[in-house]
Amino acid sequence: MFVHPDEDTRADGGFRGERDVLAGYLRDQRITLELKCAGLDAEALARRSVEPSDLSLLGLVRHLAGVEQYWFRQVMAGQDVRRHYRSQEEPAGEFTGAVADPALVADAWATWRTEVAFAERLVAQAPGMDVTGGCGGEPMELREVLVHMIEEYARHNGHADLLRERIDGRVGQ
């Protein structure tokens, strides 16, 4: 177990209304990512646990910072921003650049938290879940983005479970 049930800040349901349900389950998935990375140093967070994959917990944090940025800043808010950690020259930079450097770890968490905060504000201030952004020329409703983000975190939290178990034997709850 990563956290005693009495200290677990995840709500695990009990939400009311579409916005609260979607935002609440996404918040719980975000907290789960933090729990799966808790207590690890830079070396452990950057460890590639399954060769030859470049997947690591740190890579997942960096990747999810970029996913948050893409869906909320670019798609929903229409901002033209340079992507975190990736470029045309390094399309998988969020994973390949995830190295055991404490400063890089701090930057990854700060970037992720900044993007999460932006997303939470956007969702809270949206007039409704049918607000649209643009994705590949097609309109996309905020509700669909939120469902996609829950799916994205759930999938990667599954990866994080396996990575963490390989690192120190701890398994998730």
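A brief structural summary.

Rules used throughout
Residues numbered from 1 in each chain as written. Predicted model: local features only at pLDDT ≥ 70, side-chain atom pairs only at ≥ 80, totals over all residues. Heavy atoms only, no water. Axes fitted to C-alpha atoms, helices over the stretch in contact; angles between N-to-C directions. Helix = DSSP H or I, 4+ residues; strand = E, 2+ residues; numbered from the N terminus. Parallel < 35°, antiparallel > 145°, perpendicular 65-115°, else oblique. Left-handed = near helix turned anticlockwise from the far one by under 90°. Contact = heavy atoms within 4.5 Å. Nonpolar A, V, L, I, M, F, W, Y, C, P; charged D, E, K, R; others polar. Pairing = 2+ DSSP bridges. Phe/Tyr/Trp six-rings, centres within 6.5 Å; stacked < 30°, edge-to-face > 60°. Buried < 20%, exposed > 50% of the residue type's maximum accessible area, 1.4 Å probe, protein only. Lys NZ or Arg CZ within 6 Å of the ring centre and 35° of its normal. Salt bridge = Lys/Arg side-chain N within 4 Å of Asp/Glu carboxyl O. Core = buried A, V, L, I, M, F, W, Y, C linked by side-chain atoms within 4.5 Å.

As a packed pair, helix α1 (residues 18–37) and helix α3 (residues 57–76) sit with axes 10 Å apart at the nearest point and diverge in direction by 155 degrees. In terms of orientation, α1 lies roughly antiparallel with respect to α3. The two elements α1 and α3 meet at a crossing, and its hand is left-handed. Contacts from Leu26, Arg30, Leu33, Lys36 and Cys37 in α1 reach Leu57, Val61, Leu64, Glu68 and Phe72 in α3. Residue composition of the contact of α1 with α3, by class: 7 nonpolar, no polar and 3 charged.

When a strand is regular, its side chains alternate between the sheet's two faces. Two strands pair when backbone bridges link them, and strand β1 (residues 132–135) and strand β2 (residues 138–141) are joined in this way by 4 bridges, in the antiparallel orientation. Bridge pairing in β2 places Cys135 opposite Glu138. Hairpin remark: β1 followed by β2, antiparallel, with 2 residues in the connecting loop; positive phi at Gly136, about 60 degrees.

This next bit is on the packing of aromatic side chains. For the structure shown, the criterion picks out 2 aromatic pairs. When the centroid spacing of 5.0 Å and the interplanar angle of 80 degrees are considered together, the rings of Tyr70 and Trp71 count as edge-to-face. Seen in terms of ring centroids, Trp109 and Trp112 are 5.4 Å apart; in terms of plane orientation they differ by 85 degrees. Their pairing is edge-to-face. Placement of both Trp109 and Trp112 in helix α5 (residues 102–125) is noted, with a separation of 3 residues, approximately one turn of the helix. Relative accessible area serves as the criterion here: at 11%, Trp109 is assigned to the buried category. Its relative accessible area of 3% is what places Trp112 among the buried residues. When the ring centre of Phe118 is taken as origin, the NZ or CZ atom of Arg73, which lies over that ring, is 4.1 Å away.

This paragraph deals with the pattern of salt bridges. Counting across every chain of the model gives 13 salt bridges. One salt bridge connects Asp28 with Arg27, and the closest N-O pair in it is separated by 3.9 Å. Judged by its relative accessible area of 8%, Asp28 is buried. By relative accessible area, which is 37% here, Arg27 ends up partly exposed. Two residues, Glu120 and Arg30, come together in a salt bridge whose shortest N-O distance is 3.7 Å. With Glu120 in helix α5 and Arg30 in helix α1, the pair connects residues that are 90 residues apart, well separated along the chain. Note on Glu120: relative accessible area 39%, which makes it partly exposed. Connected via shared salt-bridge partners are Glu18, Glu141 and Arg143.

What follows deals with the nonpolar core. In this structure, Leu57, Phe72, Trp112 and Leu142 are the most contacted members of the largest nonpolar core, which totals 45 residues. Among the secondary structure elements, those contributing two or more residues to this core are α1, α2 (42–46), α3, α5 and α6 (142–168). Excluding residues within four positions of it along the chain, Leu57 makes contact with Lys36, Cys37, Leu40, Leu45, Ala160, Leu163, Arg164 and Ile167.

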